[in-house]
Amino acid sequence: MVAAVDSVLERLSAAGVRQVAVTWDNHAGETLVKVVPLRHLPEAIAKGVGFSPVSDAFRSDGVIDGAHRLARPDGDLRLRADLESLAMLEPQLGWAWAAGERWDRNSGPYAADQRHFCRRMEAELAASGWRLRAGFELEWVVVVPGADGTPQAVLPGGPYGADRLIEGLDYASALLKALDDAEVPWLQFHPEYGPSQFELSFAPDRSLTIADHLIRARLVIQRVTRRFGWYSSFSAKPRLDWVGNGGHLHLSVLHDEGPILQGGQGSYGLKPEGEALIAGLLEQLPSLMALASPSPVSYLRLVPSSWSAPFQVWGVENREAALRLVPSAADGCDAHLEIKAVDPTTNPYLLLGALQAQVKEALARPRVLPPAQIGDPAGAPGFSVRRLPSSLLEARDALAADHGLEAAMGPLLHGSLLDSLDAEIQRVQQLPVEDQVNGCCWWPLVGGLA
Ligand code: GLU
Ligand code: MG
């Protein structure tokens with residue numbers, strides 16, 4: 001361990017790193033940070049730096065919710081930098097990055113720590129013989145405030161258009177270089193459908209790693225966009241009249257004999273375990289929504305016919321189905337599932353922790369796969385296809401009623417998360433929809449533009 005720390009310190013120091021930003025993501029999905037000098041990193045890894053548990057009582061606007069069980073002045077935790085996660089942030093300016101996990105000073109990992117939950121679920125899934133492999137897509141818009149304070153597009157050009165790429169080529173070049181410098185393994189970049197909207201997708205990997213990449217990518221995108229004098233909004237719905245920003249999650253599950261979504265005798269090459277996975281995840285999806293789409297405005301994005309897939313069905317290559325199976329084919333690409341009802345305001349550690357708990361539950365017994373949805377569910381007779389939760393309140397209630405997730409999370413994480421969801425629901429209760437959208441259209445800037 002000491003040798004490992006020493007060799008990492010050497011690598012960072014040789015690259016000109018002088019300080020490390022240690023981040024973690026709270027219940028509201030905000031990325032919080034403490035910075036340590038490189039010379040203090042071994043201490044930050046072994047003992048951590050102070051962080052009050054009250055930070056999980058922050059609402060998405062930064063206000064501490066008085067009714068939250070963690071809204072108290074006493075107690076302290078230690079945020080420990082995870083050596084394995086260490087990577088560059090902006091090496092030219094001397095910055096590296098590490099993911100942190102919070103520990104109780106006497107009794108081990110903090111029971112409500114989001115990243116530790118993800119780590120624990122990864123280990124439990126592995127103990128049952130399964131491994132999740134997943135990757136995010138991340139969408140954002142590049143905007144500036146207009147005279148009325150609402151986001152305005154800055155880069156013209158059409159959906160998926162090379163015209164928009166060329167209009168923003170300096171931006172794209174700077175961004176992709178900065179992502180490489182920050183050791184973010186991006187796979188693909190493109191102008192998206194919406195005005196001034198872009199998307200980046202990442203290489204698939206284990207849960208902790210892809211969550212770390214998503215967080216670092218968000219920081220790098222924010223940073224590079226500001227260097228151009230613009231803002232990057234990752235809000236699920238930056239403007240009411242625009243399509244939303246998605247954070248789609250692609251996933252597959254493997255056991256010792258290989259992947260379970262291909263190479264079987266079932267329909268589309270599914271193995272029996274693959275069928276159980278789809279059936280089981282579909283059933284549990286409503287409670288995952290509170291983590292996948294955690295903002296009140298997330299539900300303005302999750303509307304039919306916008307490729308956000310708000311229906312509780314699965315389909316083969318069906319972009320309106322909550323679970324989209326992309327089967328393996330002659331081109332040699334592996335089969336996987338896509339969950340589109342995820343947006344970039346998710347706390348990826350909570351989402352992937354909960355997802356892994358649900359994968360384990362789905363695979364605990366054989367299940368009958370319901371029929372695949374063909375065509376747009378919105379066009380089904382009498383709108384008979386079941387919708388996913390259509391408000392944060394419905395998603396919160398599904399999470400509250402999910403005893404499987406409650407057991408996996410433990411009472412402090414599950415309960416304090418419900419307090420945070422209640423705080424968000426309460427915060428917007430009297431707010432017209434326009435104000436809800438405008439209130440978080442500069443996310444991740446907590447509190448909006450100063
Ligand atoms: N922007 C769409 C969303 O909100 C997704 C478009 C696509 O990539 O399919 O999820
Ligand atoms: Mg997209």
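A few points on the structure. Fair warning: this is a prediction, and the values are worked out from it, not measured in the lab.

### Re the layout of surface pockets
Okay, step 1: Each pocket or cavity is described by its volume, and for the largest pocket that value is around 960 Å³.
Okay, step 2: In terms of lining residues, the largest pocket is bounded by 40 residues, among which Glu137, Glu199, His250, Arg324 and Glu338 are the most central.
Okay, step 3: Contributing elements (two or more residues each) for the lining of the largest pocket: strand 8 (131-145), strand 10 (186-191), strand 11 (197-202), strand 13 (249-255), strand 16 (321-326) and strand 17 (336-339).
Okay, step 4: By residue number, the principal contributor to the lining of the largest pocket is strand 8, which donates 6 residues.
Okay, step 5: Tallied by class, the residues present in the lining of the largest pocket amount to 14 nonpolar, 15 polar and 11 charged.
Okay, step 6: Taken together, 26 residues form the lining of the second largest pocket, with Leu89, Leu219, Val220, Gln222 and Arg223 sitting closest to its centre.
Okay, step 7: Of all the secondary structure elements, the ones that give two or more residues to the lining of the second largest pocket are strand 1 (19-25), strand 2 (31-37), strand 5 (87-90), helix 5 (169-181) and helix 6 (207-227).
Okay, step 8: By residue number, the principal contributor to the lining of the second largest pocket is helix 6, which donates 7 residues.

### So, helix 10 (residues 392-400)
Okay, step 1: Considered for burial, the residues of helix 10 that qualify are Leu392, Ala395, Arg396, Ala398 and Leu399. Projection of helix 10 onto a plane perpendicular to its axis shows the buried side chains occupying an angular sector of 160°, all on one side.
Okay, step 2: The secondary structure elements touched by the buried residues of helix 10 are helix 7 (272-292), helix 8 (298-301), helix 11 (403-409) and helix 12 (411-428).

### Examining empty space enclosed by the protein
Okay, step 1: With the rule as written, the count across this model stands at 3 cavities of 30 Å³ or more.
Okay, step 2: Space inside the largest cavity adds up to approximately 250 Å³.
Okay, step 3: The wall of the largest cavity is formed by 24 residues, among which His27, Ala28, Gly29, Pro294 and Ser295 lie closest to the centre.
Okay, step 4: For the lining of the largest cavity, the elements supplying multiple residues, two or more each, are helix 7 and helix 12.
Okay, step 5: With 5 residues, helix 12 is the largest single contributor of residues to the lining of the largest cavity.
Okay, step 6: Lining of the second largest cavity is provided by Ser60, Asp61, Arg427, Gly439, Cys440, Trp443, Leu445, Val446, Gly447 and Gly448.
Okay, step 7: Looking at side-chain class alone, the lining of the second largest cavity contains 4 nonpolar, 4 polar and 2 charged residues.

Quick notes on the rules
- Residues numbered from 1 in each chain as written.
- Chains lettered and ligands numbered in written order.
- Predicted model: local features only at pLDDT ≥ 70, side-chain atom pairs only at ≥ 80, totals over all residues.
- Heavy atoms only, no water.
- 1 Å grid on protein atoms, 1.4 Å probe; cavity = no way out; pocket = protein on both sides within 12 Å on 5 of 7 lines; lining within 4 Å.
- Points joined across faces, edges and corners; volume = space filled by probe spheres on them.
- Helix = DSSP H or I, 4+ residues; strand = E, 2+ residues; numbered from the N terminus.
- Nonpolar A, V, L, I, M, F, W, Y, C, P; charged D, E, K, R; others polar.
- Buried < 20%, exposed > 50% of the residue type's maximum accessible area, 1.4 Å probe, protein only.
- Arc of directions from axis to C-beta.
- Contact = heavy atoms within 4.5 Å.

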